[in-house]
Amino acid sequence: LEEGLPARSMGLTNEEEKSIRSMGLLTLKPVIYAFNVDEVDFTMNRSEALEQITGYMRQIQYCDLGKDQCVLVSAKLESELAELSLVEREEYLRDLG
């Protein structure tokens with residue numbers, strides 16, 4: 001930890017991890033990576049975008065694909081949805097598929 005490495009990247013055994021879990025180290029917890037994509041990738045090209053994102057995650061120095069997760073978001077789409085009424089929102093989402 002003094003070297004600035006996240007605890008999750010130290011290759012701890014289950015026993016070692018249990019012994020330091022009570023310390024509440026944030027760097028021991030899995031990471032959720034949020035990727036902001038356009039509405040086309042979010043709706044129509046989702047699997048292709050997730051495949052590309054997995055490639056990006058492999059390049060992140062301390063990313064553990066076995067524990068860390070990712071989520072796709074479309075901030076533009078979320079913003080547009082927030083401005084609509086419930087009925088309009090449901091219709092818009094239905095049209096998107």
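Just so it is clear, the model here is predicted, and its values are computed rather than measured.

S.K.: Would you explain the side chain of Asp-68 in this entry?
M.R.: By the secondary structure assignment, Asp-68 is in the loop between α3 (46-59) and β2 (69-73). At 4.3 Å, Arg-8 is the nearest oppositely charged side chain to Asp-68, a buried residue that forms no salt bridge. Among the polar contacts listed, one links the side chain of Asp-68 to the backbone nitrogen of Val-31, at a separation of 2.9 Å. Once residues lying within four places of it in the same chain are set aside, the contact partners of Asp-68 are Arg-8, Pro-30, Val-31, Tyr-33, Met-57, Tyr-62 and Cys-63.

S.K.: Quick question: what am I supposed to make of the side chain of Ser-74 here?
M.R.: By the secondary structure assignment, Ser-74 is in the loop between β2 and α4 (75-82). Among the polar contacts listed, one links the side chain of Ser-74 to the backbone oxygen of Val-37, at a separation of 3.3 Å. Sequence-distant contacts of Ser-74, defined by excluding residues within four places in its chain, comprise Asn-36, Val-37, Asp-38, Glu-39 and Phe-42.

S.K.: Is there a simple way to explain a nonpolar patch on the surface in this structure?
M.R.: Side chains of Ile-32, Val-71 and Val-73 sit close together on the surface and give an oily, nonpolar patch of about 240 Å² of accessible area. Accessibility expressed as a relative area gives 35% for Val-71, which makes it partly exposed.

S.K.: Help me understand the pairing of strand β1 (residues 32-36), please; the structure alone is not making it clear to me.
M.R.: It is a general feature of regular strands that their side chains alternate between the two faces of the sheet. By the alternation rule, side chains of β1 split into Tyr-33 and Phe-35, which are all buried, and Ile-32, Ala-34 and Asn-36, of which none is buried. As defined by bridge partners, β1 adjoins β2 across five bridges and the pair is classed as parallel. Paired with Ile-32 across the two strands is Gln-69, which belongs to β2.

S.K.: For this particular structure, what's the right way to read the pattern of salt bridges?
M.R.: Side-chain pairs of opposite charge can arise whenever the charged atoms involved come near each other. Throughout the structure, instances matching the rule amount to three salt bridges. Put simply, Glu-17 and Lys-67 hold a salt bridge, and the shortest N to O gap is 3.9 Å. Here the residue Glu-17 occupies a position in helix α1 (residues 14-21), and Lys-67 occupies one in the loop between α3 and β2, the gap between them amounting to 50 residues. On the basis of relative accessibility, which here comes to 15%, the residue Glu-17 falls in the buried class. Measuring nitrogen to oxygen at the nearest pair gives 3.5 Å for the salt bridge that ties Glu-39 to Lys-76. Of the two residues, Glu-39 is situated in helix α2 (residues 39-43) and Lys-76 in helix α4; the sequence distance between them amounts to 37 residues. For Glu-39, a relative accessible area of 24% puts it in the partly exposed group. Here the residues in one salt-bridge network are Glu-17, Arg-21 and Lys-67, joined through shared partners.

About the criteria used
- The written sequence of each chain sets the order in which its residues are numbered from 1.
- The predicted nature of this model means local features are confined to residues of pLDDT at least 70 and side-chain atom pairs, given and counted, to a pLDDT of 80 or more, with totals for whole chains, interfaces and linings taken over all residues.
- Calculation of side-chain values draws on the structure's entire complement of heavy atoms; hydrogens and water are dropped beforehand.
- The helix and strand labels rest on DSSP assignments: H or I over at least four residues marks a helix, E over at least two residues marks a strand, and numbering proceeds from the N terminus.
- Accessible area is worked out with a 1.4 Å probe on protein chains only. A residue is then buried under 20% of its type maximum, exposed over 50%, and partly exposed in between.
- Think of it this way: Lys and Arg go in the positive column, Asp and Glu in the negative one, and His and the chain ends go nowhere.
- Salt bridge, as used here, is a side-chain nitrogen of Lys or Arg placed within 4 Å of a carboxyl oxygen of Asp or Glu.
- Polar contacts, as used here, are pairs of N or O atoms within 3.5 Å; protein pairs need one atom able to donate a hydrogen and one able to accept it. Residues neighboring in sequence count only if both atoms are side-chain atoms.
- Contact between two residues is taken to exist if any of their heavy atoms lie within 4.5 Å; hydrogens are not considered.
- In this analysis, a patch consists of residues with relative accessible area above 30% that form no salt bridge, clustered at 9 Å for like charges and at 5 Å for the nonpolar side chains Val, Leu, Ile, Met, Phe, Trp and Tyr.
- For every accessible area listed, the method is Shrake-Rupley and the probe measures 1.4 Å; residues are considered covered only by the protein chains on display.
- Any two strands are treated as partners once DSSP identifies two or more bridges connecting them.

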